[in-house]
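Notes for the structure review
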Amino acid sequence: MKTIPLVELPAPVVTCSTCAACCCQLEVMLITDTGVPERFIDTDDWGGEVMLRLDDGWCAALDRDSMMCTIYERRPLICREFEMGAPECLEERQGITTAYR
C-alpha cells in the first residue's frame, strides 16, 4: 500500500486583493478627527463617537460589492493603524468564509 506524503501548505497571503475586510466588523472608536463624514458616525452607549455599523454588522463605509472602504483617505486612526496581515488581522479572518458575495 502506498502512502501519500504530508505536504504543508503555506498560509494564504493577505493582500489588498485577498482582504476579507474582517476588521470592518469591529467597533471603531473615533478618537481623532480624520474627516469621517457625519453620515458614517454613530454614538455608543457611553456617548463616544464610533463608526456606524449597519444591520448586517459591517461598517457603513464599507462597499458591500468590492469589500473596500469608501472613505479610505479619511478613515479613522484605528483603521489606519490596523495592519493588514498582522496577528490581529489574521485572528479576525479565522472563521469568516462568506465575506464576499
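Residues numbered from 1 in each chain as written. Predicted model: local features only at pLDDT ≥ 70, side-chain atom pairs only at ≥ 80, totals over all residues. Heavy atoms only, no water.

For the chain, the name recorded in an unreviewed UniProt entry is YkgJ family cysteine cluster protein, with Pseudomonas canavaninivorans as its organism.

**Describing the layout of surface pockets**
Convention followed: In this analysis, the protein atoms alone were mapped onto a 1 Å grid. Cavities are point sets where a 1.4 Å probe fits without being able to get out; pockets are open sets with protein on both sides within 12 Å along at least five of seven lines; lining residues have an atom within 4 Å of a point. Grid points are joined across faces, edges and corners, and a volume is the space filled by probe spheres set on the points. Throughout, the ten residues Ala, Val, Leu, Ile, Met, Phe, Trp, Tyr, Cys and Pro are labelled nonpolar, Asp, Glu, Lys and Arg are labelled charged, and all others, Gly among them, are labelled polar.
Quantified by volume, the largest pocket comes out at close to 720 Å³. Taken together, 33 residues make up the lining of the largest pocket; nearest its centre are Cys-19, Cys-23, Cys-24, Cys-69 and Tyr-72. Split into classes, the residues belonging to the lining of the largest pocket amount to 26 nonpolar, one polar and six charged.

**Overview of a nonpolar patch on the surface**
What counts is decided by this rule: Nonpolar side chains (Val, Leu, Ile, Met, Phe, Trp, Tyr) within 5 Å and like charges within 9 Å form the patches, drawn only from residues with over 30% relative accessible area and no salt bridge. Areas reported as accessible are Shrake-Rupley estimates using a 1.4 Å probe. Residue values count occlusion only from the protein chains shown. The working definition used for a salt bridge is a side-chain nitrogen of Lys or Arg within 4 Å of a carboxyl oxygen of Asp or Glu. Put simply, DSSP marks the helices as runs of H or I at least four residues long and the strands as runs of E at least two long, and each gets a number from the N terminus on. Think of it in three bands: residues with accessible area under 20% of the maximum for their type are buried, residues over 50% are exposed, and the middle band is partly exposed, with areas taken using a 1.4 Å probe on protein chains only.
Residues Met-29, Ile-31 and Ile-78 make up a contiguous nonpolar surface patch of roughly 260 Å² in combined accessible area. You can see Met-29 is positioned in the segment before strand S1 (41-43). Take Met-29: its relative accessible area is 39%, and that puts it in the partly exposed class.

**Observations concerning the nonpolar core**
Side chains that are nonpolar tend, in soluble globular proteins, to be buried together. Here is the rule we go by: The definition of a nonpolar core used throughout is a set of buried Ala, Val, Leu, Ile, Met, Phe, Trp, Tyr and Cys residues joined through side-chain atoms within 4.5 Å. Whether two residues are in contact is decided by their heavy atoms, any of which lying within 4.5 Å being enough.
Ranked by size, the top nonpolar core spans 15 residues in total, and within it Val-36, Phe-40 and Met-51 carry the most contacts. Once residues within four sequence positions are removed from consideration, Phe-40 is found in contact with Val-50, Met-51, Leu-52, Ala-60, Ala-61, Thr-70 and Ile-71.

**Some points on the side chain of Asp-44**
The condition is simple: Positive charge is attributed to Lys and Arg, negative charge to Asp and Glu, and no charge count is given to His or to the chain ends. Counted as a polar contact is a pair of N or O atoms within 3.5 Å, where, for protein atoms, one must be capable of donating a hydrogen and the other of accepting one, and residues adjacent in sequence contribute only when both atoms are in side chains.
Summarising the element assignment, Asp-44 is placed in the loop between S1 and strand S2 (49-51). For the buried Asp-44, no salt bridge exists, and the shortest N-O distance to an oppositely charged side chain is 9.4 Å, to Arg-53. A polar contact of 3.0 Å, which involves the side chain of Asp-44, links it to the backbone nitrogen of Trp-46. A distance of 3.0 Å separates a polar atom in the side chain of Asp-44 from the backbone nitrogen of Gly-47. With residues near it in sequence (within four places) discarded, Asp-44 still touches Glu-27, Met-29 and Val-50.

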